[in-house]
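Observations on the three-dimensional arrangement
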Amino acid sequence: GSVPQASAAEHGGQPAPERVLFPPTFSVSEIKNKQRRHFMFLRWKQQQRKEKLAAKKQRRKEREALGDKAPPKPIPKTIENQRVYDETTVDPNDEEVAFDEATDEFAPYFNRQTVPKILITTSDRPRGRTVRFCEQLSTVIPNSHVYYRRGLALKRIIPQCIARDFTDLIVINEDRKIPNGLVLSHLPEGPTAHFRMSSVRLRKEIKRKGKEPTEHVPEVILNNFTTRLGHSIGRMFASLFPHDPQFIGRQVATFHNQRDYIFFRFHRYIFKSEKKVGIQELGPRFTLKLRSLQKGTFDSKFGEYEWIHKRREMDTSRRKFHL
């Protein structure tokens, strides 16, 4: 359509900025020519953006005019705060939860009877990227040892781990040379969690990364593990790290759960002054999605599952989360 333009005289000799007037029932998809359609779509988006900004400015002006009498800002709706209530959400003061925690498989770790000792291994004959990822993971988790697996079944590895006092076994699986799965098994009695792994970034692929991590024991931060299942997974991650973080190392490992995706980041604090603190990412980073939680150690045939992610049954609402 033609673009109406105000006369130059109205704008003090300046040609007026073009303003697109779309008919009310206009739909960009009706335009047959692909390039024209794309161009008009971009224009339409631009106009939407302008209108949104103008409305925002108007609202801000109104708020400033009202001063202290302005109504409180509305809280934006997000998928997280519209979350469907989960009846297994943990209340920190719940006696039943306290009893479970005192008697579960991780209790010896939390009671300081065991010291974490981790074996990190891979799927059979790993390729370069997975090997490097395992090596970097072992610099994040203190007291962890990398073992390259050559055709040895997990069923045979687990008894050897238990005999050598390992408390946890991490298996990194790969597909087409890319790490794509993580099995975490707590020894000697389990449980075993199986995660899908994505967005793996090694140290050299992270922009503005810090120097190599030091040997200090990092702090561990667990965010948003609110349900009973999430609680178990959080305890599982916590028990990989020794109890007393050495704050002098200023290193922190974060497991952040958001919409059932667990984001792992490894940072170092940089104190710029007494008030200001910056953080520097050390890497590696990756994202996990829980596939299943199994009682006992790894047993793909006869294992008893506490929880399995069944997409068709469980993912009925975008606002329903399990962790």
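What counts and what doesn't
Residues numbered from 1 in each chain as written. Predicted model: local features only at pLDDT ≥ 70, side-chain atom pairs only at ≥ 80, totals over all residues. Heavy atoms only, no water. Salt bridge = Lys/Arg side-chain N within 4 Å of Asp/Glu carboxyl O. Helix = DSSP H or I, 4+ residues; strand = E, 2+ residues; numbered from the N terminus. Buried < 20%, exposed > 50% of the residue type's maximum accessible area, 1.4 Å probe, protein only. Axes fitted to C-alpha atoms, helices over the stretch in contact; angles between N-to-C directions. Parallel < 35°, antiparallel > 145°, perpendicular 65-115°, else oblique. Left-handed = near helix turned anticlockwise from the far one by under 90°. Contact = heavy atoms within 4.5 Å. Nonpolar A, V, L, I, M, F, W, Y, C, P; charged D, E, K, R; others polar. Domains from an automatic or database assignment. pLDDT = per-residue confidence, 0-100.

In the structure shown here, the tally under the stated rule is 10 salt bridges. Its salt-bridge partner being Glu-205, residue Arg-129 comes within 2.6 Å of it at the nearest N-O pair. Of the two residues, Arg-129 sits in helix 4 (residues 128–140) while Glu-205 sits in the loop between strand 5 (192–201) and strand 6 (219–223), which places them 76 residues apart along the sequence. Assessed through its relative accessible area of 30%, Glu-205 is described here as partly exposed. One salt-bridge network, held together by shared partners, links Glu-96, Asp-100 and Arg-228.

Another aspect to go through is the packing of helix 2 (residues 95–103) against helix 6 (residues 228–238). Helix 6 packs onto helix 2 with a crossing angle of 30° between their chain directions and a minimal axis gap of 12 Å. It follows that helix 2 is roughly parallel to helix 6 by the angle criterion. As helix 2 runs across helix 6, the sense of the crossing is right-handed. Where helix 2 approaches helix 6, its residues Glu-96, Val-97, Asp-100 and Glu-101 are matched on the opposing element by Arg-228, His-231 and Arg-235. Partitioning the contact of helix 2 with helix 6 into residue classes produces one nonpolar, one polar and five charged.

Looking at the assigned domains, one finds that the chain contains domain 1 (28–61) and domain 2 (91–315). Relative to domain 2, the C-alpha centre of domain 1 lies at a distance of 45 Å.

Let us now look at the confidence of the model for the chain. On average, residues of the chain score 85 in pLDDT, and 91% of them reach the 70 mark or higher. Across the chain, the element-wise mean pLDDT spans from 78 in helix 7 (residues 311–314) up to 94 in strand 7 (residues 251–258). In this model residues 2–10 is a low-confidence stretch, pLDDT under 50, and it forms 10 contacts with partners more than four residues away in sequence or in other chains.

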